[in-house]
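# Observations on the model geometry
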Amino acid sequence: MSEHVRLRPIAEKDLDPLERLHEDPAEAGELGFFGHRNPGQLRRQWAEHGFLTAQGGRLAIVHDTDDRFLGEVQWRQVLQGPASPCWNIGIALLTAERGKGYGARAQRLLAEYLFAHTQVNRVEASTEAVNTAEQKALERAGFTREGTIRGACFRGGAWRDMVMYSVLRAEITDQS
């Protein structure tokens, strides 16, 4: 895992690469592009609440020596029972920054951040079953594979299987 990563709130200077990451099919990559969305929506959300709310948020992944934008992590609250919220997280890295260990480190940092600043007991993440690089990154970040969610994600004209991972508060806080 790369140690040269930190998370910070998304700044205005990050909006251009963030938009490319979500709106440019070549930059998002085969597993990250889910179709064209509302142009300017990311900028409007950033202007409205800086991507940080009680129900979820986004943080920039940056290189710790030069503050270079590498990608983003995001989280949203989901319920696993009527009174059992947890965080579901996701990640997107710029094409040039993939395969360097930044993803595993960023997801670990996000889980640590969420356990330190919220009361949830579980952080979960899912990825397409064919995305073995992300599965390895989640495992390096301390997440445990739980199983397959069949036909759960529609992308590229087809329903695709997902793999669910999670980490519990005790598993992170015992190791930190």
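This text follows the structure it describes.
How each quantity is defined
- Residues numbered from 1 in each chain as written.
- Predicted model: local features only at pLDDT ≥ 70, side-chain atom pairs only at ≥ 80, totals over all residues.
- Heavy atoms only, no water.
- Helix = DSSP H or I, 4+ residues; strand = E, 2+ residues; numbered from the N terminus.
- Rg over C-alpha atoms; globule rule 2.2 N^0.38 Å.
- Buried < 20%, exposed > 50% of the residue type's maximum accessible area, 1.4 Å probe, protein only.
- Lys, Arg positive; Asp, Glu negative; His and termini not counted.
- Charge placed at Lys NZ, Arg CZ, Asp CG, Glu CD.
- Pairing = 2+ DSSP bridges.
- Right-handed = clockwise from strand over helix to strand, strands pointing away.
- Phe/Tyr/Trp six-rings, centres within 6.5 Å; stacked < 30°, edge-to-face > 60°.
- Lys NZ or Arg CZ within 6 Å of the ring centre and 35° of its normal.
- Polar contact = N/O pair within 3.5 Å; in protein donor to acceptor, adjacent residues only side chain to side chain.
- Contact = heavy atoms within 4.5 Å.
- Salt bridge = Lys/Arg side-chain N within 4 Å of Asp/Glu carboxyl O.

### Thoughts on the overall build of the protein chain
Counting its regular elements, the protein chain contains six helices and eight strands. On C-alpha atoms alone, the protein chain measures out to a radius of gyration of 16 Å, which is about the 16 Å that the 2.2 N^0.38 rule sets for 176 residues. With respect to the principal axes defined by its C-alpha atoms, the protein chain has extents near 40 × 35 × 35 Å. Counting every position in the protein chain, which comprises 176 residues, the buried fraction comes to 44%. The centroid of the 22 positive side-chain charges in the protein chain is displaced by 2 Å from the centroid of its 24 negative side-chain charges.

### Quick notes on the pairing of strand β6 (residues 122-128)
Buried residues dominate β6, accounting for six of its seven residues. Of the strand pairs in this sheet, strand β5 (residues 85-93) and β6 are connected by three bridges, and their pairing is parallel. Bridge assignment links Asn 88 to a residue of β6, and that residue is Glu 124. Following the backbone out of β5, through helix α4 (residues 102-117) and into the adjacent parallel β6, one traces a crossover that is right-handed.

### Looking at the packing of aromatic side chains
For any pair of aromatic rings, the description consists of the separation of the ring centres together with the inter-plane angle of the planes. This model, assessed by the stated rule, comprises two aromatic pairs. Geometry around Phe 51 places Arg 58 over its ring, the cationic atom sitting 5.2 Å from the centre.

### Focus: the side chain of His 63
Relative to the helices and strands, His 63 is located in strand β3 (residues 56-63). Accessibility expressed as a relative area gives 10% for His 63, which makes it buried. A distance of 2.8 Å separates polar atoms of two side chains, one belonging to His 63 and the other to Thr 65. Excluding anything up to four places from it in sequence, His 63 contacts His 4, Arg 68, Leu 70 and Tyr 102.

### Quick look at the environment of Val 5
Residue placement: Val 5 occurs in strand β1 (residues 5-9). Spatially, the C-alpha atoms of Val 5 and Phe 143 are 19 Å apart, while their sequence positions differ by 138 residues. Sequence-distant contacts of Val 5, that is, excluding residues within four places in its chain, are made with Ile 61, Val 62, Asp 64, Leu 70, Tyr 102, Arg 105, Ala 106 and Leu 109.

### Some thoughts on the side chain of Asp 14
Take Asp 14: it is sitting in the loop between β1 and α1 (15-23). For Asp 14, a relative accessible area of 2% translates into the label buried. Leave out the neighbours within four places in its chain, and Asp 14 touches Arg 8, Pro 9, Ala 60 and Phe 69.

### Here's the deal with the pattern of salt bridges
Inspection of the entire model under this criterion finds 15 salt bridges. Residue Glu 3 is joined to Arg 105 by a salt bridge in which the shortest nitrogen-to-oxygen separation is 3.6 Å. Of the two residues, Glu 3 is situated in the segment before β1 and Arg 105 in helix α4; the sequence distance between them amounts to 102 residues. Among the salt bridges present, the one from Asp 14 reaches Arg 8, with a minimum N-O distance of 2.7 Å. Accessibility expressed as a relative area gives 10% for Arg 8, which makes it buried. One network of salt bridges, in which partners are shared, links Arg 6, Arg 8, Lys 13, Asp 14 and Asp 67.

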